[in-house]
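# Inside the fold
Read off the chains here:
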Amino acid sequence: MKFLRRGESTPSDSSSVDTDAAVADKTVTLGKGRPTPKRREAEGRKRGPIAPAPKTAKEARARRKAIRGTRSERKADSAERRASAQDRRARMLAGEEQYLLPRDKGPVKGYVRDIVDARRNLLGLFMPLALVLIVSMILTPALQALVTLAMLVMMLFMIIEGVVLGRMVNKRVRERYPDTADSSFSLGWYAFVRASQVRRMRAPKPRVSAGDAV
């Protein structure tokens, strides 16, 4: 048996002391010693100090004017925005894919537009004829019954042609794009709306001429 002198410790005691010290060190290392700053406070520090509120109406007007910039700067910004919007519209009308509306994007919708634009559709005459009939009814009230009958006949032909066009478009789309996720109703309605518009007012503009093979 080994007797220990005063002041000495056993190996187990020393290891336990080292373990406690390590745990204490980890506790000190892991802890931040301060609360985590909120996101709003952190963003506030990034932006810098907030300017004090204006004390007078004159100071408020001056601050708004400084934020808006000079008149020439505002005109330049407005002209730049208009030019950018016109450029985007021109590219959309030209059929550039990245500038198209979500409803017009994709090769399937482009193919449907080509099918409709290559046809001479009776639907495209509906709006001009309807306008002529309405004006005639206003100018000559005695023709009201006749004009009403003519409009009903036009609507009947429009519905029939829309159904025929929708079926034809769906058949051709399924043949060329059998894996398309577009429903039959959405393709038919897209073709119907396109065909009911006056040709020169269609957007995007037609890529094919009437009578072309698609």
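Residues numbered from 1 in each chain as written. Predicted model: local features only at pLDDT ≥ 70, side-chain atom pairs only at ≥ 80, totals over all residues. Heavy atoms only, no water.

## Some details on the confidence of the model for the protein
When pLDDT is averaged along the protein, the result is 78, and 73% of the positions lie at 70 or above. Ranking the helices and strands of the protein by mean pLDDT puts helix H5 (residues 107-117) first, with 95, and helix H1 (residues 11-30) last, with 43. Taken together, the stretch residues 1-5 has pLDDT below 50 and engages in one contact with residues farther than four places along the chain or on a different chain. (pLDDT = per-residue confidence, 0-100. Helix = DSSP H or I, 4+ residues; strand = E, 2+ residues; numbered from the N terminus. Contact = heavy atoms within 4.5 Å.)

## A look at the packing of helix H7 (residues 144-176) against helix H8 (residues 184-195)
Relative orientation of the contacting elements H7 and H8 amounts to 125°, with a least axis distance of 8 Å. What the angle tells us is that H7 and H8 run oblique. Of the two possible hands of crossing, H7 and H8 adopt the one that is right-handed. For the pair H7 and H8, the contacting residues are Met158, Gly162, Leu165, Gly166, Val169, Asn170, Val173 and Arg174 in the first and Ser184, Leu187, Gly188, Ala191, Phe192 and Ala195 in the second. (Axes fitted to C-alpha atoms, helices over the stretch in contact; angles between N-to-C directions. Parallel < 35°, antiparallel > 145°, perpendicular 65-115°, else oblique. Left-handed = near helix turned anticlockwise from the far one by under 90°.)

## What about the packing of H5 against H7?
Closest axis-to-axis distance for the H5/H7 pair is 10 Å, and the angle between their directions is 135°. What the angle tells us is that H5 and H7 run oblique. Crossing of H5 over H7 shows right-handed handedness. On H7, the residues touching Val108, Tyr111, Val112, Ile115 and Val116 of H5 are Leu165, Met168, Val169, Arg172, Val173 and Arg176. For the contact of H5 with H7, the per-class residue count stands at nine nonpolar, no polar and two charged. (Nonpolar A, V, L, I, M, F, W, Y, C, P; charged D, E, K, R; others polar.)

## Quick notes on the environment of Ser209
By secondary structure assignment, the location of Ser209 is in the segment after H8. Each C-alpha atom of the pair Ser209 and Ala118 lies 5.7 Å from the other, and the pair is 91 residues apart in sequence. When residues no more than four places from it in sequence are discounted, the contact partners of Ser209 are Asp117, Ala118 and Arg199.

## Remarks on H8
Counted at 1.5 Å a residue, the expected span for H8 with its 12 residues is 16 Å, and the 16 Å between its end C-alpha atoms agrees. Elements that come into contact with the buried residues of H8 comprise H5 and H7. (Expected span 1.5 Å × (residues − 1).)

## Looking at the nonpolar core
When a protein is soluble and globular, its nonpolar side chains tend to lie buried together. In terms of nonpolar packing, the biggest core is built from 19 residues, with Val112, Val116, Leu123, Leu165, Val169, Val173 and Ala191 touching the most fellow members. For this core, the secondary structure elements donating two or more residues are H5, helix H6 (126-139), H7 and H8. Residue contributions to this core peak at six residues, all from H7. Contacts of Leu165, omitting those with residues within four sequence positions, involve Val116, Arg119, Asn121, Leu123, Ala191, Phe192 and Ala195. (Core = buried A, V, L, I, M, F, W, Y, C linked by side-chain atoms within 4.5 Å. Buried < 20%, exposed > 50% of the residue type's maximum accessible area, 1.4 Å probe, protein only.)

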